[in-house]
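Below, each chain spelled out in residue letters.
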Amino acid sequence: MNAQTKRICEKLSRNEILCTPRSCALGQIIFCEGCCCGRADRGFKPLPREWIEYQWKEEKLNKSVQLTISGCLGPCDLANVFCIISPRRIQWLGGVQEQKQYDMLLSWAKASRDSGVLLELPNEFNRHRFERFAVSD
(Lines give C-alpha, C1' and ligand atoms only; values in the text may rest on other atoms or scores of the structure.)
Protein backbone atom coordinates (compact mmCIF):
# COMPACT_ATOMS: atom_id res chain seq x y z
CA MET A 1 0.00 0.00 0.00
CA ASN A 2 1.50 3.35 -1.00
CA ALA A 3 1.52 6.41 1.27
CA GLN A 4 -1.45 8.07 -0.43
CA THR A 5 -3.61 4.97 -0.17
CA LYS A 6 -2.62 4.58 3.48
CA ARG A 7 -3.62 8.21 4.25
CA ILE A 8 -6.99 7.71 2.56
CA CYS A 9 -7.65 4.48 4.48
CA GLU A 10 -6.72 6.15 7.76
CA LYS A 11 -9.05 9.10 7.11
CA LEU A 12 -11.88 6.76 6.16
CA SER A 13 -11.37 4.65 9.27
CA ARG A 14 -11.63 7.84 11.40
CA ASN A 15 -14.73 9.00 9.46
CA GLU A 16 -12.89 12.14 8.33
CA ILE A 17 -13.93 14.09 5.29
CA LEU A 18 -11.67 13.43 2.34
CA CYS A 19 -10.11 16.50 0.78
CA THR A 20 -7.13 17.26 -1.39
CA PRO A 21 -5.43 20.42 -2.66
CA ARG A 22 -7.34 19.85 -5.92
CA SER A 23 -10.56 20.24 -3.93
CA CYS A 24 -9.70 23.94 -3.81
CA ALA A 25 -9.95 24.33 -7.59
CA LEU A 26 -12.50 26.85 -8.87
CA GLY A 27 -13.68 24.38 -11.47
CA GLN A 28 -12.67 21.79 -14.01
CA ILE A 29 -12.65 21.73 -17.79
CA ILE A 30 -12.97 18.34 -19.44
CA PHE A 31 -12.19 17.98 -23.14
CA CYS A 32 -13.47 14.95 -25.01
CA GLU A 33 -10.98 13.11 -27.15
CA GLY A 34 -13.03 10.01 -27.66
CA CYS A 35 -14.55 8.14 -30.54
CA CYS A 36 -15.59 11.18 -32.64
CA CYS A 37 -14.14 14.37 -31.17
CA GLY A 38 -11.06 15.56 -32.98
CA ARG A 39 -11.32 12.89 -35.66
CA ALA A 40 -10.03 14.44 -38.88
CA ASP A 41 -11.22 11.38 -40.83
CA ARG A 42 -14.77 12.39 -39.83
CA GLY A 43 -14.27 16.05 -40.74
CA PHE A 44 -13.50 17.44 -37.29
CA LYS A 45 -10.38 19.38 -36.46
CA PRO A 46 -8.20 17.63 -33.90
CA LEU A 47 -8.06 18.79 -30.31
CA PRO A 48 -4.77 20.67 -29.87
CA ARG A 49 -3.99 18.41 -26.92
CA GLU A 50 -0.25 19.03 -26.64
CA TRP A 51 -0.75 22.80 -26.89
CA ILE A 52 -3.49 22.78 -24.23
CA GLU A 53 -1.50 20.62 -21.83
CA TYR A 54 1.62 22.75 -22.32
CA GLN A 55 -0.27 26.02 -21.74
CA TRP A 56 -2.03 24.71 -18.62
CA LYS A 57 1.29 23.55 -17.18
CA GLU A 58 3.20 26.69 -18.21
CA GLU A 59 0.56 28.97 -16.69
CA LYS A 60 0.13 26.75 -13.60
CA LEU A 61 -3.62 26.68 -14.17
CA ASN A 62 -4.41 23.21 -12.85
CA LYS A 63 -4.69 24.39 -9.24
CA SER A 64 -7.47 26.82 -10.20
CA VAL A 65 -9.08 25.33 -13.32
CA GLN A 66 -8.29 21.64 -13.40
CA LEU A 67 -7.68 20.27 -16.89
CA THR A 68 -8.83 16.81 -17.88
CA ILE A 69 -8.67 15.32 -21.35
CA SER A 70 -10.99 12.36 -21.38
CA GLY A 71 -12.27 9.59 -23.54
CA CYS A 72 -15.78 9.82 -24.93
CA LEU A 73 -18.11 12.16 -23.02
CA GLY A 74 -21.14 10.94 -24.92
CA PRO A 75 -22.84 13.45 -27.23
CA CYS A 76 -20.92 12.28 -30.30
CA ASP A 77 -23.19 13.98 -32.82
CA LEU A 78 -21.92 17.38 -31.63
CA ALA A 79 -18.20 16.45 -31.79
CA ASN A 80 -15.37 18.42 -30.22
CA VAL A 81 -17.25 18.56 -26.96
CA PHE A 82 -16.08 19.86 -23.61
CA CYS A 83 -17.71 20.62 -20.32
CA ILE A 84 -16.93 22.97 -17.47
CA ILE A 85 -17.77 21.82 -13.98
CA SER A 86 -18.14 24.31 -11.16
CA PRO A 87 -19.77 24.09 -7.75
CA ARG A 88 -22.89 25.71 -9.23
CA ARG A 89 -23.37 23.90 -12.54
CA ILE A 90 -22.05 21.89 -15.44
CA GLN A 91 -21.85 23.68 -18.77
CA TRP A 92 -21.73 21.60 -21.96
CA LEU A 93 -20.31 22.94 -25.21
CA GLY A 94 -19.71 21.37 -28.59
CA GLY A 95 -18.52 22.03 -32.11
CA VAL A 96 -15.33 23.85 -31.09
CA GLN A 97 -13.04 23.82 -34.13
CA GLU A 98 -10.78 26.87 -34.20
CA GLN A 99 -7.50 27.63 -32.46
CA LYS A 100 -8.81 31.10 -31.57
CA GLN A 101 -11.50 29.38 -29.47
CA TYR A 102 -8.87 27.41 -27.56
CA ASP A 103 -6.93 30.68 -27.13
CA MET A 104 -10.07 32.24 -25.61
CA LEU A 105 -10.48 29.29 -23.25
CA LEU A 106 -6.89 29.73 -22.11
CA SER A 107 -7.45 33.46 -21.55
CA TRP A 108 -10.66 32.68 -19.64
CA ALA A 109 -8.86 30.17 -17.41
CA LYS A 110 -6.04 32.64 -16.68
CA ALA A 111 -8.50 35.43 -15.90
CA SER A 112 -10.45 33.07 -13.61
CA ARG A 113 -7.26 32.07 -11.83
CA ASP A 114 -6.22 35.72 -11.41
CA SER A 115 -9.63 36.81 -10.12
CA GLY A 116 -10.06 33.84 -7.79
CA VAL A 117 -13.52 33.02 -9.19
CA LEU A 118 -14.67 31.00 -12.17
CA LEU A 119 -15.73 33.69 -14.62
CA GLU A 120 -18.42 33.43 -17.26
CA LEU A 121 -17.18 32.14 -20.59
CA PRO A 122 -16.80 34.68 -23.40
CA ASN A 123 -20.00 35.28 -25.38
CA GLU A 124 -18.36 33.59 -28.38
CA PHE A 125 -19.19 30.26 -26.74
CA ASN A 126 -22.94 30.92 -26.35
CA ARG A 127 -23.71 29.34 -29.73
CA HIS A 128 -21.76 26.22 -28.70
CA ARG A 129 -23.81 25.53 -25.54
CA PHE A 130 -26.19 22.61 -25.34
CA GLU A 131 -28.20 20.67 -22.80
CA ARG A 132 -26.56 17.32 -22.20
CA PHE A 133 -29.61 15.55 -20.84
CA ALA A 134 -33.35 15.71 -21.48
CA VAL A 135 -34.92 18.55 -19.54
CA SER A 136 -38.31 17.88 -17.99
CA ASP A 137 -40.62 20.48 -16.51
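Source: prediction; values computed, not measured. Every chain begins its residue count from 1, and numbering advances along the sequence as written. With the structure being a predicted model, the display of local features is reserved for residues of pLDDT at least 70 and the display and counting of side-chain atom pairs for 80 or more, all residues being used for whole-chain, interface and lining totals. For the side-chain quantities, the full set of heavy atoms in the structure was used; hydrogens and water were omitted.

A. Structural detail: the overall build of the protein chain. Working definition: helices are DSSP H or I runs of at least four residues, strands are E runs of at least two. Numbering for both runs from the N terminus. Counting its secondary structure elements, the protein chain contains three helices and five strands. Its C-alpha atoms give the protein chain principal-axis dimensions of roughly 50 × 35 × 35 Å. Going through the 137 residues of the protein chain one by one, you find that 34% of them count as buried. Within the protein chain, counting contacts between residues at least 6 apart in sequence, those at least 24 apart form 65% of the total. A 1.4 Å probe rolled over the protein chains alone gives each residue an accessible area, and that area as a share of the maximum for its type sets the label: buried under 20%, exposed over 50%, partly exposed in between. Contacts are residue-level and defined by heavy atoms, with any inter-residue pair within 4.5 Å sufficient.

B. A look at the packing of helix H2 (residues 49–58) against helix H3 (residues 99–115). Direction vectors running N to C along H2 and H3 enclose 20°, while the axes themselves pass 11 Å from each other. Between H2 and H3, the angle is such that the two are roughly parallel. Note that H2 runs across H3; the crossing there is right-handed. For the pair H2 and H3, the contacting residues are Trp51, Ile52, Gln55 and Trp56 in the first and Gln99, Tyr102, Asp103, Leu105, Leu106 and Ala109 in the second. Put simply, Ala, Val, Leu, Ile, Met, Phe, Trp, Tyr, Cys and Pro go in the nonpolar bin, Asp, Glu, Lys and Arg in the charged bin, and everything else, Gly too, in the polar bin. For the contact of H2 with H3, the residue count by class is seven nonpolar, two polar and one charged. The axes are straight lines fitted to the C-alpha atoms, using for helices just the contacting stretch, and the angles between their N-to-C directions are given from 0 to 180°. Here the word oblique covers every angle except those under 35 degrees (roughly parallel), over 145 (roughly antiparallel) and from 65 to 115 (roughly perpendicular). Less than a right angle of anticlockwise turn of the near helix away from the far helix marks a crossing as left-handed, whereas a clockwise turn marks it as right-handed.

C. Quick peek at the side chain of glutamine 101. By the element assignment, glutamine 101 lies in helix H3. Polar side-chain contacts of glutamine 101 include one of 2.9 Å to the backbone nitrogen of glutamate 98. In protein, a polar contact requires one atom able to donate a hydrogen and another able to accept it; more generally it is a pair of N or O atoms within 3.5 Å, and residues adjacent in sequence count only if both atoms are side-chain atoms. A polar contact is formed between the side chain of glutamine 101 and the side chain of histidine 128, at a distance of 3.0 Å. Leave out the neighbours within four places in its chain, and glutamine 101 touches Val96, Glu124, Phe125, Arg127 and His128.

D. The sheet that holds strand E2 (residues 65–70), seen in detail. The sheet built from five strands is open, its strands ordered E2-E1-E3-E4-E5 with mixed pairing. The sheet terminates laterally at E2 and strand E5 (129–130), the two strands that pair on one side only. At least two bridges found by DSSP between two strands are what make those strands a pair. In the sheet, strand E4 (residues 90–93) pairs with E5 via two bridges, with the strands oriented antiparallel. By the bridge assignment for E5, leucine 93 is matched with arginine 129. Along the sheet, H2 contacts strand E1 (27–32) and E2; its crossing angle with E2, the most-contacted strand, is approximately 160°. The sheet strands contacting H3 are E1, E2 and strand E3 (82–85), and the helix crosses E1 at an angle near 165°.

E. Broad picture of the side chain of serine 112. Position of serine 112 relative to the elements: it lies in helix H3. Non-local contacts of serine 112, meaning those with residues more than four positions away in its chain, are made with Leu26, Val65, Val117, Leu118 and Leu119.

F. Broad picture of the pairing of E4. Sheet topology places E3 next to E4; four bridges connect them, and they run antiparallel. Within E4, the position partnered with isoleucine 85 by the bridge is isoleucine 90. In this antiparallel pair of consecutive strands, E3 and E4, the connection spans four residues.

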